[in-house]
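Results of the structural survey
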Amino acid sequence: MARVYNFSAGPAVLPEEVLLEAQRELLDYHGCGMSVNEMSHRSKTFDNIIQTAEQDIRDLYNIPDNYKVLFLQGGAYQQFAAIPMNLMKNKKAGYIVTGQWAKKAYQEAKIYGESVKLASSEDKTFTYIPDCSNLPITDDMDYVYICKNNTIYGTHFSKLPNTKGKDLVADVSSCFLSEPEDISKYGIIYGGVQKNVGPAGLVISIIREDLIRDDVMPFTPTMLKFKTQADKGSLFNTPNCWSIYMCGLVFKWLKANGGLKEMQARNQEKAKILYDYLDNSKLFRPTVTNVEDRSLMNVPFVTDSEELNAKFVKEAAENGLVSLKGHRTVGGMRASIYNAMPKEGVEKLVQFMDKFEKEN
Ligand SMILES: *Cc1c(COP(=O)(O)O)cnc(C)c1O
């Protein structure tokens, strides 16, 4: 069996050790004679799985006690609606629009209240993070929203915006557990796990307790009230048991590999290999030129020729370097180099790019 180097933006590469462990446990989880896929979410065994997963993510992110960790479904996209429904008291919030996902969240919030575009980088195809030191935030805004790592465009907030005292809500789907976070700087920090953590179908939302309220918008579906899930320990209804289990294995893997400081160091090292090459290449160039705005997770790059882009993606795949085609709105290529991408994968990619450059 030949495993490829998978540069997909998501669902994406998972640690091989984790996949092998899941394989070993697939038919008989810890001697209980059944698979995690077959057991009741109300069983003692599953309770232990979800409790352990929660404790491990609390340890990894050093989550303060006044924050709840919720394991939710519906994708990050559903949170675009759940967040305004739960948080908009004044029916007004500020959005920093740095990419497609932030824009979609901004647009979704319009259904529920006034969503104000505080800043945007759309004028240059979202290739930079705008200055967020003095945004037009008004007193009546319920929160300020960002997408911390812009999966499609390869930008990342290296510094959080000045929210002028308003609660910060952040979508960290594509940089989840890739770097340490000071959770106390956020009201809500959440992400779909399928980019950097686990299998698709699970969103983990870390929410400060005072934002979990009864007085949500009156039409809020029971399932979308944060309080519903918080009161029931994410077991109000049947959760995505398999993804919670897999994420739990990934949390153990992260702990065994030195935690988030070490992950950040590894991610910086991997990204540097790729950006250094791109900055010196005569054929390829990175689309994000502001060094401090560059994502460590998603690296878009292009040549000046559509034909060469297509040829590169095709030949790379023939050499075991797959899913390098860029998002349709950017074109070119994108290498997603999440936690589970080994350094050798990035080195192989750069070697191949160098060879391709010489041949073309
Ligand atoms: C992929 C992605 C989403 C969408 O996630 P779904 O789980 O498919 O809804 C939202 N935000 C970011 C930053 C993403 O990368």
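You'll find the structure just up there.
Here is a short report on the structure shown in this document. Owing to the predicted nature of the structure, the values given are computational and were not obtained by experimental measurement.

Re the packing of helix α7 (residues 259-280) against helix α9 (residues 343-359)
- Relative to each other, α7 and α9 sit at 10 degrees, their axes nearing to 9 Å. It follows that α7 is roughly parallel to α9 by the angle criterion. In this structure, α7 uses E269, K270, I273, L274, Y277 and L278 to contact α9, whose residues at the interface are K343, V346, E347, L349, V350, M353, D354 and E357.

Some thoughts on the nonpolar core
- Of all hydrophobic cores here, the largest spans 59 residues; its most connected members are Y61, I96, L177, I204 and F251.
- Examining the composition of this core, we find that 10 residues originate from one element, helix α6 (residues 241-256), more than from any other.
- Composition of this core by domain shows at least three residues from each of domain 1 (17-256) and domain 2 (258-359).
- Those residues in contact with L177 that lie beyond four places of it in its chain are I57, L60, Y61, N196, V197, F251, L254, L260, M263 and N339.
- One finds I83, Y112, V169 and V203 within the second-largest nonpolar core, a separate group that totals 33 residues.

Some points on empty space enclosed by the protein
- Here the structure, examined in full by the defined rule, presents one cavity of 30 Å³ or more.
- Quantified by volume, the largest cavity comes out at close to 60 Å³.
- What lines the largest cavity is V13, L14, P15, N196, V197, V250, W253, L254, N339 and A340.
- Counted by class, the lining of the largest cavity contains eight nonpolar, two polar and no charged residues.

A look at the pattern of salt bridges
- Under the definition given, this model contains 26 salt bridges.
- As a salt-bridge pair, R213 and D215 come within 3.0 Å of each other at their nearest N and O atoms.
- You can call R213 buried: its relative accessible area is 12%.
- E359 is the partner of K355 in a salt bridge, and the nearest nitrogen-oxygen pair spans 3.6 Å. Of this pair, K355 and E359 both sit in helix α9, four residues apart, roughly one helical turn.
- Judged by relative accessible area, K355 falls into the partly exposed class, the value being 44%.

Side note on the site of the ligand
- As a matter of local geometry, the ligand sits amid G75, A76, Y77, F80, W101, C147, N149, T151, D171, S173, Q194 and K195.
- At a separation of 3.0 Å, an oxygen atom of the ligand approaches a polar backbone atom of A76.
- Measuring from a nitrogen atom of the ligand, one finds a side-chain N or O atom of D171 at 2.6 Å.
- Relative to its unbound accessible area of 390 Å², the ligand is 87% covered by the protein chains.
- Tallying contributions element by element places helix α3 (residues 75-87) first for the shell around the ligand, with four residues.
- Here the shell around the ligand is built from residues that sort into five nonpolar, five polar and two charged.

What to know about the pairing of strand β5 (residues 144-147)
- A two-sided burial pattern is seen for β5, the buried positions comprising V144 and I146 on one face and Y145 and C147 on the other.
- Across two bridges, the pairing between strand β3 (residues 92-97) and β5 is parallel. Looking at β5, one finds that G94 is bridged to V144.
- The pairing of β5 with strand β8 (residues 168-171) spans four bridges and is parallel. Paired with C147 across the two strands is D171, which belongs to β8.

Rules used throughout
- Residues numbered from 1 in each chain as written.
- Predicted model: local features only at pLDDT ≥ 70, side-chain atom pairs only at ≥ 80, totals over all residues.
- Heavy atoms only, no water.
- Axes fitted to C-alpha atoms, helices over the stretch in contact; angles between N-to-C directions.
- Helix = DSSP H or I, 4+ residues; strand = E, 2+ residues; numbered from the N terminus.
- Parallel < 35°, antiparallel > 145°, perpendicular 65-115°, else oblique.
- Contact = heavy atoms within 4.5 Å.
- Core = buried A, V, L, I, M, F, W, Y, C linked by side-chain atoms within 4.5 Å.
- Buried < 20%, exposed > 50% of the residue type's maximum accessible area, 1.4 Å probe, protein only.
- Domains from an automatic or database assignment.
- 1 Å grid on protein atoms, 1.4 Å probe; cavity = no way out; pocket = protein on both sides within 12 Å on 5 of 7 lines; lining within 4 Å.
- Points joined across faces, edges and corners; volume = space filled by probe spheres on them.
- Nonpolar A, V, L, I, M, F, W, Y, C, P; charged D, E, K, R; others polar.
- Salt bridge = Lys/Arg side-chain N within 4 Å of Asp/Glu carboxyl O.
- Near = heavy atom within 4 Å.
- Polar contact = N/O pair within 3.5 Å; in protein donor to acceptor, adjacent residues only side chain to side chain.
- Areas by Shrake-Rupley, 256 points an atom, 1.4 Å probe, with all protein chains shown as cover.
- Pairing = 2+ DSSP bridges.

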